[in-house]
Amino acid sequence: SEIETASKVAAYSVAFVNGISPLVVSLSILTPFFMANVGWISVDSAFKASFSIVAVVLFSLGAFLGKISKESKIGYGIKMLLAGGFAALVSFLLLH
């Protein structure tokens, strides 16, 4: 039936997006280090670029959550940045 077909298409679409999104974000964060590995940029520049990409991704995700919840996009973006920073700090402290 049409509903069954639509349900399958939706399930595959969601699965594809959920599978490809982490790959795309991960590669975008790692790209500066690939560039440093071949000598196009310094490792210091790669770290700064990667850190900036992570910050933009986290803020964008927070802003998106703020938009769909009809709350402050900037507020949610900042909260997401703080949550990411806290998670990084906890990870660092646990590993050292």
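None of the values given here were measured: they were computed from a predicted structure.

For helix H3 (residues 73-95), built from 23 residues, the straight-helix expectation of 33 Å at 1.5 Å per residue is met to within 8% by its first-to-last C-alpha distance of 33 Å. The N-terminus of H3 is capped by serine 72, whose side-chain oxygen sits 2.9 Å from the backbone nitrogen of glycine 75.

Looking now at the packing of aromatic side chains. Taken as a whole and judged by the stated rule, the model has one aromatic pair. In this arrangement the basic side chain of lysine 79 is found over the ring face of tyrosine 76, its NZ or CZ atom lying 5.3 Å from the centre.

Throughout the structure, instances matching the rule amount to two salt bridges. For glutamate 4, the salt bridge is made with lysine 8, and the minimal N-O distance between the two is 3.8 Å. Of this pair, glutamate 4 and lysine 8 both sit in helix H1 (residues 2-37), four residues apart, which is roughly one turn of the helix. Residue lysine 48 pairs with aspartate 44 through a salt bridge whose shortest N-O separation is 3.1 Å. Of this pair, lysine 48 and aspartate 44 both sit in helix H2 (residues 43-68), four residues apart, roughly one helical turn.

Time to look at a nonpolar patch on the surface. On the surface, a cluster of nonpolar side chains totalling about 1200 Å² of accessible area is made up of Phe16, Val17, Ile20, Leu23, Val24, Leu27, Leu30, Phe33, Phe34, Val43, Phe47 and Phe51. Among the elements of the structure, H1 and H2 are those that each provide at least two residues to the nonpolar patch. The element contributing the most residues to the nonpolar patch is H1, with nine residues. Here phenylalanine 34 is to be found in helix H1.

Between H1 and H2, the shortest axis-to-axis distance is 8 Å and the interhelical angle comes to 170°. Classified by the interaxial angle, the pair formed by H1 and H2 is roughly antiparallel. At the point where H1 passes H2, the crossing takes the right-handed sense. Judged by residue contacts, Val25, Ser28, Ile29, Pro32, Phe33 and Ala36 of H1 engage Val43, Ala46, Phe47, Ala49, Ser50, Ile53, Val54 and Val57 from H2. Within the contact of H1 with H2, the residues separate by chemical class into twelve nonpolar, two polar and no charged.

Reading the values: the criteria
- Residues numbered from 1 in each chain as written.
- Predicted model: local features only at pLDDT ≥ 70, side-chain atom pairs only at ≥ 80, totals over all residues.
- Heavy atoms only, no water.
- Helix = DSSP H or I, 4+ residues; strand = E, 2+ residues; numbered from the N terminus.
- Expected span 1.5 Å × (residues − 1).
- Polar contact = N/O pair within 3.5 Å; in protein donor to acceptor, adjacent residues only side chain to side chain.
- Phe/Tyr/Trp six-rings, centres within 6.5 Å; stacked < 30°, edge-to-face > 60°.
- Lys NZ or Arg CZ within 6 Å of the ring centre and 35° of its normal.
- Salt bridge = Lys/Arg side-chain N within 4 Å of Asp/Glu carboxyl O.
- Patch = residues over 30% accessible without salt bridge, like charges linked within 9 Å, V, L, I, M, F, W, Y side chains within 5 Å.
- Areas by Shrake-Rupley, 256 points an atom, 1.4 Å probe, with all protein chains shown as cover.
- Axes fitted to C-alpha atoms, helices over the stretch in contact; angles between N-to-C directions.
- Parallel < 35°, antiparallel > 145°, perpendicular 65-115°, else oblique.
- Left-handed = near helix turned anticlockwise from the far one by under 90°.
- Contact = heavy atoms within 4.5 Å.
- Nonpolar A, V, L, I, M, F, W, Y, C, P; charged D, E, K, R; others polar.

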